[in-house]
Amino acid sequence: MKEFLTLKLLDRAKPLFVKAGVDYDMLRRILQVKLTMDQRRASTVFGKSSGSNKPEYIRKGAVLKQTYTKPSSSLSIKSLWMYALIGAIGITPFLLLGDNYMLQAGIVFSIILFLLTTTMVSDFSSVLLDLKDRHILHTKPVDARTLAAAKTVHILSYIVTLAASLTIVPLIVSLFRHGLPFFLLFLFELIAVNIFVVVATALVYLLVLKFFDGEKLKDVINYVQIGLSVALTIGYQIMFRVVDIININVSFTVAWWHFLLPPFWFAAPFEWLLHGNSSFSVLILSALSIMVPLLCAVVYLRFGNSFERYLQKMADSGKFEERKNRGLHLSLARLICRTRDEAVFYGFAARMMSREREFKLKVYPVLGLAVIFPYIFILNSLSDSSWADLSRSSLYLFIYFTAMLMPSAVGLLRYSGNYKGSYIYGTLPLKDMSAIHKGALKAAITKLFLPLFLLNGIIFILIFGPRILPDLIAVMLVITLYTAIIYRMNGGGLPFSESFGNLRQTGMGKTLPAIFILAVFAGMHYAASLFPFGVYVYAAVLLLLNFFYWHNGFFLSRTIPES
Amino acid sequence: MNPLESVLSISDLWMDYGGNYVLRGIDLKAGPGQIIGYIGPNGAGKSTTVKIMLGLVQGYRGTVKLFGTNIAEEGTNYKRRIGYVPETADLYDVLTAREYLMFMGELYGMEAGAAENKAMRLAGLFGLDKAFDSRISSYSKGMKQKILLISSLLHNPDLLFLDEPLSGLDANSVMIVKEIMARLAAQGKTIFYSSHIMDVVEKISSRIVLINGGQIVADGSFEDLRTKSQEGTLEQIFNQLTGFSDHEEIADSFVSIVKEG
């Protein structure tokens, strides 16, 4: 096992841990194992893993051959470069703009908070809520404090690495642009931000764990994650509204709602210490930036043990699944599926999608974003045109953003926590494997996309008037075609047949081309709308394409795959 | 101290999950050298009892003393003398057997080199020497089970909780493990053996504890239970004591429904 740099750095803080009553050597050993495992897993921690370092095993009787190409850390370094780039391009300009520290630092911290919290929620929730640890580590003579510390440091080490690569360029720039005091303050506040993000997320989960149990709890955690990602996106937009409305060079007055936005807490010390603005509200905000993370940390340390105890609740079996009225779904399945096999797999996929924990964890936050994204873009353009202009415009095409969820939903369709159950595809007397693909894909469209589309469609009709009805039908036709196209682009592995551990390259690599294709469809839609009856022609063409594609596009893997 | 109580002593143990009582006053004492077959129907409270003793489940009422000390009052130190094979094969399977077992040894406070050396020799005896440096994720079910067994014994514990320890093992390995258990008991170790396979429990246990509905309904040697219940096998005793007698009718109905087509 490797010596990690993280551990060497941690050694410097050893007296701190010892003083807190932590068995440091044990903590170090647990972390070493955890970091090794992360590195080997096609980890979600840094999201990406390429095919080249996937281990391969051949077992012949008792003899095991392992052809394992050496795990490379270059991948995570690659994504760290991405964060560094985002930091350099996305954050640095705000430091250069002017001397309104409150606004500049506010924006900088909102970007940092946004990125760190979303990563925390999407990638580290599984570490925080890991149940496997209980049977392996908690049955050993290691005290709870050390185990809790190991978990926290484990997560913190990633968040800090991430934050460091995100802020390395901005930090250097700030040193030259605003001088050493600014730099030091920035660094200090960043540490506070890191603690705040990790501990506040843990506390939210702690609250959820306290009041719910079993399956319900897992659902609630799903909703919290969706809520967080939506709230963060909206909050992020608000931050930019603030900048739009107030000129960046005009002096900043504190309003009551600034106290609710954490970025302003972290920005206030700059105003106070470097600009000498010691007004009461700035002082309060500054105090919040230290007090809240500190308070969260104290509460977390105090109740960290209950966290582990509540976690056991997740393992305890939940209540029965409610037997919902199956009538609607059954008739929908009959309506949109052409064969009985297809309808069966439609029902299966629909259920898997609504129950499969990891699938929900990964897709649902995107659902939240897909709903609100069209409005964010409409609001952006509303700032320089009137409401009447808006309702006459072509901005209803922003509804295409609702389909943003399809690339990730479709891409994740082949993964499952219960992937081993997929042997059924092979053992079933199926004539045509395409029924599996079609059923699952139709379920993805009706279960995930359709409800959101109907919701946004109704709101859009209220905004733009009934004239957009034909357009909405065209959009729906685009989506059915588009979904099938991106499904094929993904290579068409059987639904729910691979471990999430094999999940590779869900990031920009696959999503960008998919989004590009969607943009092309939207562009053609716009072009068609310029001609009289153009939309009708567009819809008719789409209908034909749909027909051909859904009939002939699924020749892939009609045969039974070799497992 | 009475030697019979020296290893394990549970008195009046109650546990509920939100008003749903899974344990209703368990009283149990065990001494060194016993192999206790801990049996009962699904959901009877077997694994809850074991989880409480391992410190995984809190919020119980009653006293649990292991090695003479109350586990609610002591820290985690008592776990040093316990070995555990969980029912669900939870292990860090991206690690190799060498790495995993070393880590387990160290968690029990062993020195890394000593743990490695011991693990390697034990694995060799189980025929795992070739796979020792492969990741556990590539192992068969039986191989994983052997790793779990080794990791539960590495630190030479005095009290063992084994939950279906033979699952997935081939017939030859089963024979080895049964022999190992007998010898460990002969050396004065206490073994808690949970299983649903009554034939095995019947043969290896020196004492059988049957739990049903959160209460102990029978406790004694197999001979004791047989005289009391007038049944021939442990399976029959189990059926009788858990009030189950209609397996033939159920099987009949089952097959007739299958035939409906």
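Residues numbered from 1 in each chain as written. Chains lettered and ligands numbered in written order. Predicted model: local features only at pLDDT ≥ 70, side-chain atom pairs only at ≥ 80, totals over all residues.

Participant: Lay out the overall build of chain A with the relevant residues and their values.
Facilitator: Across its full length, chain A carries 21 helices and two strands. Burial status across chain A gives 37% buried among its 563 residues. Expressed as a percentage of contacts within chain A between residues at least 6 apart in sequence, the contacts between residues at least 24 apart total 84%. (Helix = DSSP H or I, 4+ residues; strand = E, 2+ residues; numbered from the N terminus. Buried ≥ 20, exposed ≤ 12 C-beta atoms within 10 Å, placed from the backbone. Contact = placed C-beta atoms within 7 Å.)

Participant: Explain the overall build of chain B to me, using residue names and the numbers behind them.
Facilitator: Within chain B, the regular secondary structure consists of nine helices and ten strands. Here the C-alpha radius of gyration of chain B, 20 Å, is about what a compact globule of 261 residues would show, namely 18 Å. Along the longest, intermediate and shortest principal axes, the C-alpha atoms of chain B span 55 × 55 × 40 Å. By the burial criterion, 42% of the 261 residues in chain B qualify as buried. Here the contacts in chain B between residues at least 6 apart in sequence split such that 66% fall between residues at least 24 apart. (Rg over C-alpha atoms; globule rule 2.2 N^0.38 Å.)

Participant: Just give me the short version of the interface of chain A and chain B, but keep the residues and values in it.
Facilitator: At the junction of the two partners, chain A supplies 27 residues and chain B supplies 30 residues. At the level of secondary structure, the elements contributing two or more residues to the side of chain A that touches chain B comprise helix 3 (24-40), strand 1 (56-60), strand 2 (63-67), helix 6 (132-137) and helix 11 (280-315) of chain A. With five residues, the top contributor of residues to the side of chain A that touches chain B is helix 6 of chain A.

Participant: Account for the domain arrangement of chain A, naming residues and giving values.
Facilitator: The domain architecture assigned to chain A consists of domain 1 (1-28), domain 2 (74-315) and domain 3 (333-552). Distance between the C-alpha centres of domain 1 of chain A and domain 3 of chain A: 48 Å. (Domains from an automatic or database assignment.)

Participant: An account of the sheet that holds strand 10 (residues 215-220) of chain B is needed here, citing residue identities and associated values.
Facilitator: All names here are of chain B. If you trace the six strands from one edge of the open sheet to the other, you get 6-7-8-3-9-10, paired in mixed fashion. Every other strand in the sheet has two partners, leaving strand 6 (82-85) and strand 10 as the edge strands with one partner each. Pairwise comparison of adjacent strand axes, ignoring direction, gives a mean angle of 15° for this sheet. Two elements, strand 9 (residues 207-212) and strand 10, share five bridges in a ladder whose sense is antiparallel. Within strand 10, the residue paired with Ile208 across the bridge is Gly220. (Pairing = 2+ DSSP bridges. Axes fitted to C-alpha atoms, helices over the stretch in contact; angles between N-to-C directions.)

Participant: A description of the environment of Gly188 of chain B should follow, citing residues and the corresponding values.
Facilitator: All names here are of chain B. Checked against the element boundaries, Gly188 lands in the loop between helix 5 (171-186) and strand 8 (190-194). Gly188 gets classed as exposed once you count the C-beta atoms within 10 Å, which come to 12. Each C-alpha atom of the pair Gly188 and Gln34 lies 7.6 Å from the other, and the pair is 154 residues apart in sequence. Setting aside anything within four residues of it in sequence, one finds Gly188 in contact with Pro32 and Gly33.

Participant: Which residues make up the pairing of strand 9 of chain B, and what values go with them?
Facilitator: Where strand 3 (residues 35-39) of chain B meets strand 9 of chain B, four bridges bridge the pair, whose relative direction is parallel. Looking across to strand 9 of chain B, one finds that Ile39 of chain B is bridged to Leu210 of chain B.

Participant: Can you lay out the packing of helix 14 (residues 357-382) of chain A against helix 18 (residues 434-464) of chain A for me, pointing to particular residues and giving the numbers?
Facilitator: Residues and elements named next belong to chain A. Where helix 14 meets helix 18, the axes come as close as 10 Å, and the angle between the chain directions of the two elements is 20°. It follows that helix 14 is roughly parallel to helix 18 by the angle criterion. Seen along the crossing, helix 14 lies across helix 18 with a hand that is right-handed. Across the interface between the two elements, Val363, Leu367, Ala370, Val371 and Pro374 of helix 14 pack against Leu448, Leu452, Leu455 and Asn456 of helix 18. Along the lines of polarity and charge, the residues of the contact of helix 14 with helix 18 split into eight nonpolar, one polar and no charged. (Parallel < 35°, antiparallel > 145°, perpendicular 65-115°, else oblique. Left-handed = near helix turned anticlockwise from the far one by under 90°. Nonpolar A, V, L, I, M, F, W, Y, C, P; charged D, E, K, R; others polar.)

Participant: Describe helix 4 (residues 141-153) of chain B, listing the residues and the values that go with them.
Facilitator: Residue and element names in this part refer to chain B. Look at helix 4: 19 Å from first C-alpha to last across 13 residues, which is about the 18 Å you get at 1.5 Å a residue. Of the positions making up helix 4, those classed as buried are Met143, Gln145, Lys146, Ile147, Leu148, Leu149, Ile150, Ser151 and Ser152. The elements touched by buried residues of helix 4 are strand 6, helix 2 (97-107), helix 3 (112-125), strand 7 (159-163) and helix 5. (Expected span 1.5 Å × (residues − 1).)

Participant: Could you give an account of the packing of helix 2 of chain B against helix 4 of chain B, with specific residues and numbers?
Facilitator: All names here are of chain B. At a minimum axis distance of 9 Å, the contact between helix 2 and helix 4 shows a crossing angle of 25°. Between helix 2 and helix 4, the interaxial angle falls into the category roughly parallel. The handedness of the crossing between helix 2 and helix 4 is right-handed. Facing helix 2, whose interface residues are Ala97, Tyr100, Leu101 and Met104, helix 4 presents Ile147, Ile150 and Ser151. Taken together, the residues that form the contact of helix 2 with helix 4 break down as six nonpolar, one polar and no charged.

Participant: Break down the nonpolar core for me, citing the residues and quoting the values.
Facilitator: Judged by nonpolar contacts, the single largest core of 140 residues is most densely connected at Ile112 and Ile159 of chain A together with Tyr100, Leu101 and Ile191 of chain B. Top element by residues in this core is helix 5 (residues 101-128) of chain A. It accounts for 16 residues. For this core, the two domains that each supply at least three residues are domain 1 (1-28) and domain 2 (74-315) of chain A. Ignoring any residue separated from it by four or fewer positions in sequence, one finds Ile159 of chain A in contact with Leu116, Met120, Asn194, Val197 and Val198 of chain A. Judged by nonpolar contacts, the second largest core, of 64 residues, contains Ala440, Phe460, Tyr482 and Phe521 of chain A. (Core = buried A, V, L, I, M, F, W, Y, C linked by C-beta atoms within 7 Å.)

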